[in-house]
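Residue-level listing of the chains:
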Amino acid sequence: AVAVLNNTTQFGYELSITQIAKIAKNVQDIEDFKSALRSLPLEEVERLFTAGVPFSEFNKVQASLSKKRYASDFDSTLTLSEKLSRNHEYDTLERAFKVFSLKEVKEILAQRASLSGVLEVSEVLKGKNIDTNLQEIIRFEKHAGHGWGKGRNVSSSIDKFGIDNVNNMISQGVQLPNALNVKRQIERQELNQFDNIDI
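Just so it is clear, the structure is predicted and the values come from calculations on it, not from any experiment. (Residues numbered from 1 in each chain as written. Predicted model: local features only at pLDDT ≥ 70, side-chain atom pairs only at ≥ 80, totals over all residues. Heavy atoms only, no water.)

## Let's talk about the nonpolar core
Spelled out, the test is: Here, the term nonpolar core denotes a set of buried Ala, Val, Leu, Ile, Met, Phe, Trp, Tyr and Cys residues that are joined through side-chain atoms within 4.5 Å. Burial here depends on accessible area, computed with a 1.4 Å probe over protein chains only, as a share of the maximum for the residue type. Under 20% is buried, over 50% is exposed, and the range in between is partly exposed. Helix numbers and strand numbers start at the N terminus; a helix is a DSSP run of H or I with at least 4 residues, a strand a run of E with at least 2. Should any heavy atoms of two residues lie within 4.5 Å, those residues are considered in contact.
One finds Leu48, Phe49, Leu80, Val105 and Val154 to be the most contacted residues of the largest nonpolar core, which totals 54 residues. If one sorts the elements of this core by residue count, helix 9 (residues 115-127) sits on top with six residues. Beyond its immediate sequence surroundings of up to four residues, Val154 is in contact with Val121, Val124, Leu125, Phe140, Ala144 and Leu176.

## A closer look at the packing of aromatic side chains
This is how it is decided: Put simply, two rings from Phe, Tyr or Trp (the six-membered ring, in Trp's case) pair if the centres are within 6.5 Å, and we call them stacked under 30 degrees between planes, edge-to-face over 60, tilted for the rest.
Summed over the entire model, instances satisfying the criterion amount to four aromatic pairs. Summarising the aromatic geometry, the rings of Phe33 and Phe49 are spaced 5.3 Å apart at their centres and angled 75° between planes, so their arrangement reads as edge-to-face. You can see Phe33 sitting in helix 3 (residues 30-39) and its partner Phe49 sitting in helix 4 (residues 42-50), a full 16 residues away along the chain. Given a relative accessible area of 1%, Phe49 falls into the buried group. Every member of this aromatic cluster is reached through a ring pair, and the members are Phe55, Phe58 and Phe74.

## Some points on the environment of Leu65
Among the secondary structure elements, Leu65 is positioned in helix 5 (residues 55-67). C-alpha separation for the pair Leu65 and Ser76, spaced eleven residues apart in sequence, amounts to 9.2 Å. Setting aside its immediate chain neighbours within four residues, Leu65 contacts Tyr70, Ala71, Ser72, Thr77, Leu80, Phe97 and Leu102.

## With respect to the side chain of Ser114
Worth spelling out the cut-off: As used in this structure description, the phrase polar contact means that two N or O atoms lie within 3.5 Å; if the pair is within protein, one of them must be able to donate a hydrogen and the other to accept it, and residues adjacent in sequence are counted only when both atoms belong to side chains.
As for its placement among the helices and strands, Ser114 is situated in the loop between helix 8 (102-110) and helix 9. Under the relative-accessibility criterion, Ser114 is labelled buried at 15%. A distance of 3.4 Å separates polar atoms of two side chains, one belonging to Ser114 and the other to Glu89. Those residues in contact with Ser114, other than ones at most four positions away along the chain, are Asn87, Glu89, Ile108, Glu141 and Lys150.

## Quick look at helix 9
The following threshold applies: Each helix should span, by expectation, one fewer than its residue count multiplied by 1.5 Å.
In this model, helix 9 (13 residues) spans 18 Å end to end at C-alpha, consistent with the 18 Å of a helix rising 1.5 Å per residue. Those residues of helix 9 that sit buried are Leu115, Ser116, Gly117, Val118, Leu119, Val121, Ser122, Val124 and Leu125. In this structure, the buried residues of helix 9 make contact with helix 6 (74-85), helix 7 (93-96), helix 8, helix 10 (134-142) and helix 11 (150-161). Among the residues trailing helix 9, Asn129 stands out with phi positive, at a value near 55°.

This is a description of form; function is not addressed.
Shown next, in the form of structure tokens:
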């Protein structure tokens, strides 16, 4: 809070205690905050940090939007940055734009899916020549487990069960890592039974 006060004063701004508190709670790096003050009007700096979006990440999103000739004004960039902040996927956006349009990216984020997970799953399905649409890819991603390895889970499930069975499991709300674990346990038990047979 003191750093926010000192730096805003240095730039000729007078902030209320409420403004300082709202901004300071999300300032992780004072150099990032100072860069924002040098580049944006105070009102935009306040909105940016109140939303919890670091200026450096905002810049990445703006550059990705601009590169694809999408609207990259402050409001458009902040709106998308806030959605990307949920899973800290600012760095994923440029890669996503190689596969998906801005409208599709917004749809993925609106359904609270992981952008990186959807990309992984999309690559797997494409690699296996499985024809899908965005909604199906998102459905697969949401049933591919949490964290890393979503693409691997989808790929292993298709290899083990076949695409029709995987579609059936997903339609019943089954998480693919759970199905894979059950399959491994059954295979292990069958192997143990085979090993215990007296010849």
